[in-house]
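Read off the chains here:
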Amino acid sequence: RRHLAAFAIDLPMRAAPKVLVFGSVNIDVVFHACAKLPSPGETVSCASCSRLNGGKGANQAVACATVCGELGDEDGVDVDFVGCLSVKDDAFVLGALVERGVEVSKCQLESGVETGTACVLVDTQAENCIVVSPGANNCLSAEKFIKAMDSRRDAPEYACALFQLETPFDESVAVAERVRRDKNNPCVTFLNFSPAKPELAGAVLACEHIDCLVVNETEAEMLCYYIEDIEEEDENEDDEEDESSYCARRIAKFSDKFVLLTRGAAGSSLHLPPMPVTGEDVVYYMTEPLTLHLNKGHVVDTVGAGDAFVGAFVSSVARNRLITDAMSIASAAGTLACTEPGARPRAIAAAQSRAASVETLCTSTELSTCTTRELFKRFDR
């Protein structure tokens, strides 16, 4: 059995902010250019087959590290990824993460379970069907992580922590509660509500250990449906407000959380909870986020865009960038991810330099010059 220390990164001595990504890791088996997608009982052939690394947690950890540049850059962050996988896959899975600048020594290895696996069939028209076996992702343990953290005198203090729903939600909540204990150096916690699970809507909205929800339009509508089942329609609805923005605003108000809404080529917006004193609703809008003057010929693959956006935003919060800069960098990363195939594009390393091309708009003059951590601290209950 290979010891996880074999994958430790030789980090330089510097006080870089730390990001924790606690989540899923998968192996994707992709069948390319299938003659057609099979019907029940049918066998089809394909042009080629690939075994690739994936999982939303691991992909977002790579995005956090990549957008900041290589570890060791003065503008970077240290990214700790905690996932669970089969011991037999450690070299393939963890080696790929280390190569992208992610620390993996806190990962959990299991001998009696398979690594999470996705079987992806893609036909000649780029249509696909996917079957996922969560495998070891269901074994990811908050208790193991917290016990190891509490046993160290030099336990890391995380600036941000990021979670998804490809691993058990209760485990993520336990870790979020632990990393937010330090009131002198509060950790900002993010939950990407993906893959969307309607049965968890109530628990997610009520969770007091999550500061910011990250949702796309479909996920926002799903959470809003839950709210509308128990609360009357918002009387302050703006006739000019589109459906997804309305949903995000209601989620922020109902849950008392930040809501980061991604809308593909239509942009993204950060919806704030009501101001602690005035109750005023504030929204950051992105007016030109996922275009950056790319024409259709430059768009190769959109599969990595969402995770790139999330990772870039979280790393910007860890570095305490201006909130408008964080939104711009995240949008640039999401765009650049579309220019390269695969779930872990390297092109997003240029996101900071391309961010100047992204236009931002804030509806509050007072908050337009806030740094990210200052903004989150203002709303800390």
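Given the structure is predicted, the values throughout are model-derived calculations rather than measurements.

Scoring rules and cut-offs
Residues numbered from 1 in each chain as written. Predicted model: local features only at pLDDT ≥ 70, side-chain atom pairs only at ≥ 80, totals over all residues. Heavy atoms only, no water. Phe/Tyr/Trp six-rings, centres within 6.5 Å; stacked < 30°, edge-to-face > 60°. Lys NZ or Arg CZ within 6 Å of the ring centre and 35° of its normal. Axes fitted to C-alpha atoms, helices over the stretch in contact; angles between N-to-C directions. Helix = DSSP H or I, 4+ residues; strand = E, 2+ residues; numbered from the N terminus. Parallel < 35°, antiparallel > 145°, perpendicular 65-115°, else oblique. Left-handed = near helix turned anticlockwise from the far one by under 90°. Contact = heavy atoms within 4.5 Å. Nonpolar A, V, L, I, M, F, W, Y, C, P; charged D, E, K, R; others polar. pLDDT = per-residue confidence, 0-100.

## Here's the deal with the packing of aromatic side chains
At step 1: Summed over all chains, the structure comprises five aromatic pairs.
At step 2: Feature note: the residues F190, F258, F313 and F376 constitute an aromatic cluster, connected by ring pairs.
At step 3: Cation over ring: R51 sits above F92, and NZ or CZ is 4.5 Å from the ring centre.

## Brief notes about the packing of helix 1 (residues 56-67) against helix 8 (residues 305-318)
At step 1: Contact pair helix 1 / helix 8: the axes reach a minimum separation of 7 Å and the direction vectors enclose 55 degrees. It follows from the interaxial angle that helix 1 and helix 8 lie oblique. Read as a crossing pair, helix 1 and helix 8 show a hand that is right-handed. Along its contact with helix 1, which presents K56, N59, Q60, A63, C64 and V67, the element helix 8 presents D307, A308, V310, G311, A312, V314 and S315.
At step 2: Within the contact of helix 1 with helix 8, the residues separate by chemical class into seven nonpolar, four polar and two charged.

## Let's talk about the environment of E99
At step 1: With respect to the element layout, E99 can be found in helix 2 (residues 90-99).
At step 2: Distance from E99 to V62, taken between C-alpha atoms, is 9.6 Å for residues 37 residues apart in sequence.

## Overview of the confidence of the model for the protein chain
At step 1: Residues of the protein chain with pLDDT of at least 70 account for 83%, and the chain-wide mean is 84.
At step 2: Note on residues 285-297: pLDDT under 50 across the span, and 40 contacts to partners over four residues away in sequence or across chains.

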